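Given next are the chains, with one letter for each unit.
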Amino acid sequence: MSADNRRRKAEHIRHLLDTEGDSVHENTRVFNEGRYESTADLDDYEALKDEARAIKEDAIERLPELVDEVTEAIEDNGGTVYVADDAADANRYITEVVDGRNAVKSKSMTSEEIEVNDALEASGANVWETDLAEFVLQIADEAPSHIVAPAIHKSREEIAALFNEVFEPEEPLETAEELTRFAREYLGEKILDAEVGMTGANFVTADTGTLALVTSEGNARKCVQATDTHVAVAGVEKVVPSVEDLQPFVELIGRSGTGQDITSYVSLFTPPGDSPTFGGGDEGGPGDDRELGPGDDRDFHLVLIDNGRMEMREDDQLRETLYCIRCSACANSCANFQHVGGHAFGGETYSGGIATGWEAGVHGEDSAAEFNDLCTGCSRCVNQCPVKIDIPWINTVVRDRINRGKDGDLDFLVEGLTPDEEPGGVDPQKRLFGNFDTLAKLGSAFAPLSNWVAQAGPARSLMERTLGVDSRRELPRFERESLVDWFEARGPRVGPDEARRRVALYPDAYTNYVRTERGKAAVRVLEALDVRVDIPAAGESGRAPLSQGMVATAQSNAEAVYDALAPAVAAGRDVVVIEPSDLAMFNREYERLLEEDSYEALDGHSYEIMEYVYGLLENGADVDALPDGDGERVAYHSHCQQRTLDLEPYTTAVLEDAGFDVTTSDVECCGMAGSFGYKSEYYELSVDVGESLVDQFTTDDTADRTVVASGTSCLEQLDALLTRRPAHPVRLLDGR
Amino acid sequence: MSAEPIATFESSLDEIDVDLVRTTADRFESALAPLLDAPAVGAPLPFENVSLPDAVETDPTVAELEAAATGVTAAGYGIADYGSVVIQGGADGEEPVSLYADEHVAVIAASDVLPDMDATFDRLAEDIRGGTGQAIVATGPSATADMGALVKGAHGPIDVTVVLLEDA
């Protein structure tokens, strides 16, 4: 990306933070908290997710057969099914069916994808969005910023101002009730006048041809009931085998999305329906003495949209995207999304974490490339997805493809000069951060000179111009003596015979070259608990290149790390990891990067440092061997990936056991996310996200607490934004 | 039918602010009377010895539907875990009646209250295969948060009341 493009991107983000950020943040916060509460009420949340996932896996596997089955079922019921190759094909068909008549629509992201409203209006038909948020956007001529609540970026005041300007009501509208009542009446007349009702479908059952629509307002029901012709538009992936299969989705979708146990209406239509119709026409309004017409002559058309989906189905990396039920959990649980919303974190149609998969599949990689970097791989969405899609992985794979897309394989000169496994087209900024290991090695070898040079004004402005490293960020200061060198000179202090356990402490690149003090503290704490420590000279885990979409380099790093740690694992030693993002690599991504046996061996023996201390204390080690916290008040920020692995409670438990008074943050991510906060185009967003964490650590209860955080990035962010200097929690346990 | 799903149904309805009126077939009319704000519309009820009073219009015009304060329909099932009612049927107007009036009164037989979503979908699947064209799992009144705050009563009813026929 050129410096100009970076500046433009930063400006766009800044504009959205200023204009839409507050509304998006407030609304996604409600959804996010609601989801945690609502899913906690389920006895069998994990089992339901597994069930939902299995149904989708099976459905996508058998999709061609299910499409045939649903076509037969709907034709038997008296309806028509049209499978459209792409948007143009769908629009041509729908335009012919609508034939210039008035249409009313309920919310459908798939209809946004094909932009059917434009096609219908061009053919002379009137189309009204009856979902209130879509109605607002139709009036404002804006695009959705959220896949479930499309006008989430607009405040009540803005909507009121818009309505008052456009409709000029006698009494200006102000409250949400007034706005809702006005829109209901206005759209009620449109519904009376309409002859065609258009809906989407959250699910379509192959066995009976039933559409399941998950809604709250009642407008979808009205659009279907009032009109003579029902056109439903759905992605072809929405087909599930049977009516019974709907149950886990019905229980999960509202909880996962807006945090409601269930939305007001889950409509199961098996069209054509026979409810009495209003029959369209122009009378409308109060005093309309029209009789309801018989509903037994309704037309029904199901338009199933391919538009790239069948190719996604053949793509081993993108296929999972088709399991998505568009609940928005990945958007609501995403710190970046919470702050900037879907107008930045979205492509042509879709927004949020999974949008990268959708956009790459239906609109192409260019659309995905617009926002894909906003996924930092923090993984907070992973446990929230009701069909267990590995959303960060999809973002990584697409980033890799984007990296390789342009001039990728030709630039052998550049390729020959870099230490990684990537082709020439990779953006230099990504390449810089992806090769952090090499950078850190050099930085350490030439420290402190390298630190002086790097921090100097001319170097910083050059780095900002050429690499997009924001000069407002302090750069890491490399230590001259690495942790590995320190330990090699020092040696282990617990004899093999007196050792309770033997561990290999993994020297992640940051701990090894930058934050050696936490590595040394970890060594001393383990030794105080009678553990014999070794530090094998293992390199960077692959997290740094992976986060830049440099999958081949990540894989090569992963293999080298495995080779370095395998002897210790084979000798029955435990691997202890300080940096949570690297433990998360071992636990999650290595499954995709290493041979199955290697992955299982390493994952099965790896522990986060505080998790390991917890285990030692639970198994006979004496907490009195560690310094007494003596009631010291501590504010702890766990790391995003650590929380995804459910490892936060160990740190809290150990600190409390050692006598500390602990309170924790509950933001999804600190906003730093490795290299993200260094990038000049994202610096301000990163700080905006970080401010939410700072707010939690500057309350009356927390302002005087010692701040600890597990992740390197979190420590850097907190260090930059707080006046207190934060540390890794293991340092509180270090008696030195 | 054991008492358990009914008790759960009642507490689930309470959580979503839906009133439950318990009655029996012979006391139905007097139980319904205070719930009927005029003008009222309705769809014929399928329960034995239970019918709608004459004041309830069962063949409304479009204007009468739009003006209705109360709409009375049967519900095919109740779902105890969620406090949902399942509105089934079509040709008799269950859909517009339950949708346009300010308040929807759903009449349900105690024996049709099912414990959970699993049991409900087994029954719904059976019904759909048997030709029941439409089933709306309705939970509380219509609602929207699209106008900057949560509002009860969007395009559909503002209020819901459930009448439970204990002997049906």
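Nothing here was measured: the structure is a model prediction, and the numbers come from that model. (Residues numbered from 1 in each chain as written. Chains lettered and ligands numbered in written order. Predicted model: local features only at pLDDT ≥ 70, side-chain atom pairs only at ≥ 80, totals over all residues. Heavy atoms only, no water.)

1. Quick notes on the overall build of chain B
Spelled out, the test is: Numbering of helices and strands runs from the N terminus; a helix is a DSSP stretch of H or I covering at least four residues, while a strand is a stretch of E covering at least two. Note on exposure labels: buried denotes an accessible area under 20% of the residue type's maximum, exposed denotes more than 50%, and partly exposed covers the range between, all computed with a 1.4 Å probe on protein chains only. Contacts are residue-level and defined by heavy atoms, with any inter-residue pair within 4.5 Å sufficient.
Per the secondary structure count, chain B includes five helices and twelve strands. Overall size of chain B, expressed as C-alpha extent along the three principal axes, is 45 × 40 × 30 Å. The proportion of buried residues among the 168 residues of chain B is 61%. The long-range fraction of contacts in chain B, counting pairs at least 24 apart against all pairs at least 6 apart in sequence, stands at 74%.

2. Details of the overall build of chain A
Threshold: Restricting the calculation to C-alpha atoms gives the radius of gyration, and the globule rule supplies 2.2 Å times the number of residues raised to the power 0.38. Per-residue and other accessible areas follow the Shrake-Rupley method at a 1.4 Å probe size, with only the shown protein chains counted as cover for residues.
Across its full length, chain A holds 35 helices and 17 strands. For 736 residues, the compact-globule estimate of 2.2 N^0.38 gives 27 Å, and the C-alpha radius of gyration of chain A, at 28 Å, lies within 12% of that figure. Counting only residues that meet the buried cut, chain A has 63% of its 736 residues in that class. Once local pairs closer than 6 in sequence are excluded, the contacts in chain A between residues at least 24 apart make up 76%. Total accessible area on chain A stands at roughly 27000 Å², and carbon and sulfur atoms take up 45% of it.

3. Notes on the sheet that holds strand 2 (residues 103-105) of chain A
Residues and elements named next belong to chain A. For clarity, the cut-off: In this description, strands pair whenever DSSP reports at least two bridges between them. Axes, fitted as lines to C-alpha atoms, cover a helix only where it is in contact. Angles between the N-to-C directions of the axes lie from 0 to 180 degrees.
Taking strand neighbours across the sheet as the criterion, the six strands line up as 1-10-7-4-2-3 in an open arrangement whose pairing is parallel. The strands lining the two open edges of the sheet, one partner per strand, are strand 1 (80-84) and strand 3 (127-129). Pairwise comparison of adjacent strand axes, ignoring direction, gives a mean angle of 20° for this sheet. Strand direction decides the pairing type here: strand 4 (residues 196-199) and strand 7 (residues 229-235), joined by four bridges, are parallel. Across the sheet, residue Val-196 finds its bridge partner in strand 7, namely Thr-229. Together, strand 1, strand 4, strand 7 and strand 10 (299-305) form the strand contacts of helix 5 (residues 87-98), whose direction differs from that of strand 1 by roughly 150°. In this fold helix 10 (residues 176-193) packs onto strand 2 and strand 3, with an angle of close to 140° to the strand it touches most, strand 3.

4. Quick notes on the domain arrangement of chain A
Residues and elements named next belong to chain A. Put simply, the rule is: By convention here, the domain bounds are inherited from an automatic or database domain assignment. Accessible-area loss on putting two parts together, using a 1.4 Å probe and summing over both, is the definition of buried area adopted here. A pair is scored as a salt bridge if a Lys or Arg side-chain nitrogen falls within 4 Å of a carboxyl oxygen belonging to Asp or Glu.
Structurally, chain A comprises domain 1 (3-305) and domain 2 (483-733). One C-alpha centre belongs to domain 1, the other to domain 2, and the line joining them spans 45 Å. Listed per partner, the contact involves ten residues of domain 1 and eight residues of domain 2. Carbon and sulfur atoms make up 51% of the area that domain 1 and domain 2 hide from each other, which totals about 800 Å². Counting across the domain 1 and domain 2 interface gives two salt bridges.

5. Some points on the environment of A:Ala504
Mapped onto the secondary structure, A:Ala504 falls in strand 11 (residues 501-506). Not counting residues within four places of it along the chain, the set of residues in contact with A:Ala504 comprises A:Asp534, A:Pro536, A:Ala568, A:Asp574, A:Val575 and A:Val576.

6. Thoughts on the UniProt feature "domain: LUD" (unreviewed entry) in chain B
Just so we agree on the cut-off: UniProt positions are given in the numbering used here, feature names are shortened, and annotations may be inferred rather than shown by experiment.
UniProt's feature table lists "domain: LUD" (unreviewed entry) at residues 54-165 of chain B, given in the numbering used throughout. Between the C-alpha atoms that bound residues 54-165 of chain B there is a distance of 20 Å. The span itself is 23% helix and 36% strand.

7. Some details on helix 2 (residues 21-40) of chain A
Three- or four-residue spacings in an α-helix give side chains the same orientation, since the helix completes a turn every 3.6 residues. Residues and elements named next belong to chain A. In plain terms, the rule: Expected span of a helix: the number of residues minus one, times 1.5 Å.
Along its 20 residues, helix 2 runs 28 Å from first to last C-alpha, staying within 8% of the 28 Å computed at 1.5 Å per residue. When helix 2 is considered as a whole, its buried residues turn out to be Gly-21, Ser-23, Val-24, Thr-28, Phe-31, Asn-32, Gly-34, Arg-35, Ser-38 and Thr-39. Those residues of helix 2 that are buried lie in contact with helix 1 (3-19), helix 3 (45-61), helix 9 (156-167), helix 12 (246-257), helix 14 (329-332) and helix 15 (335-340).

8. Comments concerning the sheet that holds strand 7 (residues 103-109) of chain B
All names here are of chain B. With parallel pairing, six strands are arranged side by side in an open sheet as 1-12-7-4-2-3. Each edge of the sheet is formed by a strand with only one pairing partner; in this case those strands are strand 1 (19-23) and strand 3 (56-57). In this sheet, strand 12 (residues 159-165) lies alongside strand 1 in parallel orientation, the contact comprising five bridges. For Arg-22, the partnering residue across the bridge sits in strand 12 and is Leu-164.

9. Topic: the interface of chain A and chain B
Quick reminder of the rule: We call two N or O atoms a polar contact when they sit within 3.5 Å, provided that within protein one can donate a hydrogen and the other can accept it, with sequence-adjacent residues counted only if both atoms are side-chain atoms. We call Asp, Glu, Lys and Arg charged. Ala, Val, Leu, Ile, Met, Phe, Trp, Tyr, Cys and Pro are nonpolar, and the rest, Gly among them, are polar.
Counting residues at the interface gives 57 residues for chain A, matched by 47 residues for chain B. Summed over both sides, the interface of chain A with chain B buries roughly 4500 Å², with 60% coming from carbon and sulfur. Together, A:Arg184, A:Arg221 and A:Leu268 form the three largest contributors to the area buried by chain A at its contact with chain B, with a combined 15%. In this structure, the connection of chain A to chain B is made through three salt bridges. With a closest N to O distance of 2.8 Å, B:Arg129 and A:Glu244 form a salt bridge. Counting across the interface, chain A meets chain B through 23 residue pairs in polar contact (both at pLDDT 80 or more). When contributions to the side of chain A that touches chain B are tallied by element, the ones reaching two or more residues are helix 8 (132-140), helix 9, helix 10, helix 11 (219-226), helix 12 and strand 9 (265-269) of chain A. At nine residues, the largest contribution of residues to the side of chain A that touches chain B is made by helix 10 of chain A. By residue class, the composition of the side of chain A that touches chain B is 24 nonpolar, 16 polar and 17 charged.

10. So, the packing of aromatic side chains
Residues and elements named next belong to chain A. What counts here: When the centres of two rings from Phe, Tyr and Trp lie within 6.5 Å, Trp using its six-membered ring, the rings pair. Their planes under 30 degrees apart give stacked, over 60 give edge-to-face, and anything left gives tilted. Charge-over-ring contacts are defined here by two conditions on Lys NZ or Arg CZ: a distance within 6 Å of the ring centre and an angle within 35 degrees of the ring normal.
One pass over the structure, following the stated rule, counts 25 aromatic pairs over all chains. Centre to centre, the rings of Phe-676 and Tyr-682 are 4.7 Å apart; their planes meet at 10°, and the pair counts as stacked. For the residue pair Phe-676 and Tyr-682, the accessibility class agrees, reading buried in each case. Connected via pairs of aromatic rings, a cluster forms that spans Trp-128, Phe-135, Phe-163, Phe-167, Phe-182 and Tyr-186. The side chain of Lys-49 reaches across the aromatic face of Tyr-45, ending 4.2 Å from its centre. When the ring centre of Tyr-265 is taken as reference, the NZ or CZ atom of Arg-221 above it lies at 4.6 Å.

11. Comments concerning the confidence of the model for chain A
Selection criterion: As a per-residue measure, pLDDT tells how confident the predictor is, with possible values from 0 to 100.
Averaged over every residue, the pLDDT of chain A is 95; residues scoring 70 or more account for 97%. Per-residue pLDDT stays below 50 along residues 407-414 of chain A; that stretch engages in eight contacts with residues further than four places along the chain or on separate chains.

12. Some thoughts on the packing of helix 34 (residues 683-696) of chain A against helix 35 (residues 712-721) of chain A
Residue and element names in this part refer to chain A. We apply this condition: Any angle between 65 and 115 degrees counts as roughly perpendicular, while under 35 counts as roughly parallel, over 145 as roughly antiparallel, and the rest as oblique.
Between helix 34 and helix 35, the least distance of the axes is 10 Å, while the angle of their chain directions is 80°. In this view, helix 34 runs roughly perpendicular relative to helix 35, as classed from their interaxial angle. Here Ser-686, Val-687, Gly-690, Glu-691, Leu-693 and Val-694 of helix 34 come into contact with helix 35, specifically with Gln-717, Leu-718 and Leu-721. Considering only residue class, the contact of helix 34 with helix 35 consists of five nonpolar, three polar and one charged.

13. Let's talk about the nonpolar core
All names here are of chain A. Selection criterion: Residues belong to a common nonpolar core when they are buried Ala, Val, Leu, Ile, Met, Phe, Trp, Tyr or Cys residues joined through side-chain atoms within 4.5 Å.
Ranked by size, the top nonpolar core spans 121 residues in total, and within it Leu-246, Leu-268, Leu-302, Leu-304 and Ile-389 carry the most contacts. Take this core: its biggest share by element is six residues, from helix 3. Here this core spans two domains, since at least three of its residues come from each of domain 1 (3-305) and domain 2 (483-733). Residues within four places of Leu-302 in sequence aside, it is in contact with Ile-74, Thr-80, Val-81, Tyr-82, Val-204, Leu-211 and Ala-232. In this structure, Trp-486, Val-576, Ile-578 and Phe-660 belong to the second largest nonpolar core, which totals 37 residues.

14. A look at the packing of helix 28 (residues 551-570) of chain A against helix 30 (residues 596-604) of chain A
Helices that pack against each other are described as a pair by the angle of their axes relative to one another and the distance between those axes. Residues and elements named next belong to chain A. Our working definition: Less than a right angle of anticlockwise turn of the near helix away from the far helix marks a crossing as left-handed, whereas a clockwise turn marks it as right-handed.
Taken N-terminus to C-terminus, the directions of helix 28 and helix 30 make an angle of 60°; their axes are 10 Å apart at the nearest point. Classed by the angle they form, the pair helix 28 and helix 30 counts as oblique. Both helix 28 and helix 30 take part in a crossing whose hand is left-handed. Contact residues: helix 28 offers Tyr-562, Leu-565 and Val-569, while helix 30 offers Ser-598, Ala-601 and Leu-602. Here the contact of helix 28 with helix 30 is built from residues that sort into five nonpolar, one polar and no charged.

15. Focus: a nonpolar patch on the surface
Residue and element names in this part refer to chain A. The condition is simple: Like charges within 9 Å and nonpolar side chains (Val, Leu, Ile, Met, Phe, Trp, Tyr) within 5 Å are joined into patches, using only residues over 30% in relative accessible area that form no salt bridge.
A surface patch of nonpolar side chains, amounting to about 570 Å² of accessible area, comprises Leu-442, Phe-446, Leu-449, Trp-452 and Val-453. The element that contributes the greatest number of residues to the nonpolar patch is helix 22 (residues 449-455), accounting for three residues. One can find Phe-446 in the loop between helix 21 (436-445) and helix 22.

16. Focus on empty space enclosed by the protein
Residues and elements named next belong to chain A. Defined as follows: Both cavities and pockets are sets of points on a 1 Å grid over the protein atoms alone; in a cavity a 1.4 Å probe fits but cannot get out, in a pocket the set is open with protein on both sides within 12 Å along at least five of seven lines, and lining residues sit with an atom within 4 Å of a point. Grid points are joined across faces, edges and corners, and a volume is the space filled by probe spheres set on the points.
Counted under the stated rule, the structure contains three cavities of 30 Å³ or more. In this structure, the largest cavity spans a volume of roughly 160 Å³. Surrounding the largest cavity, 19 residues form its lining, Cys-334, Leu-374, Cys-375, Thr-376 and Cys-378 being those nearest its centre. Those elements that provide at least two residues to the lining of the largest cavity are helix 15 and helix 18 (391-405). The residue makeup of the lining of the largest cavity, split by class, is eleven nonpolar, seven polar and one charged. In this structure, the second largest cavity spans a volume of roughly 90 Å³.

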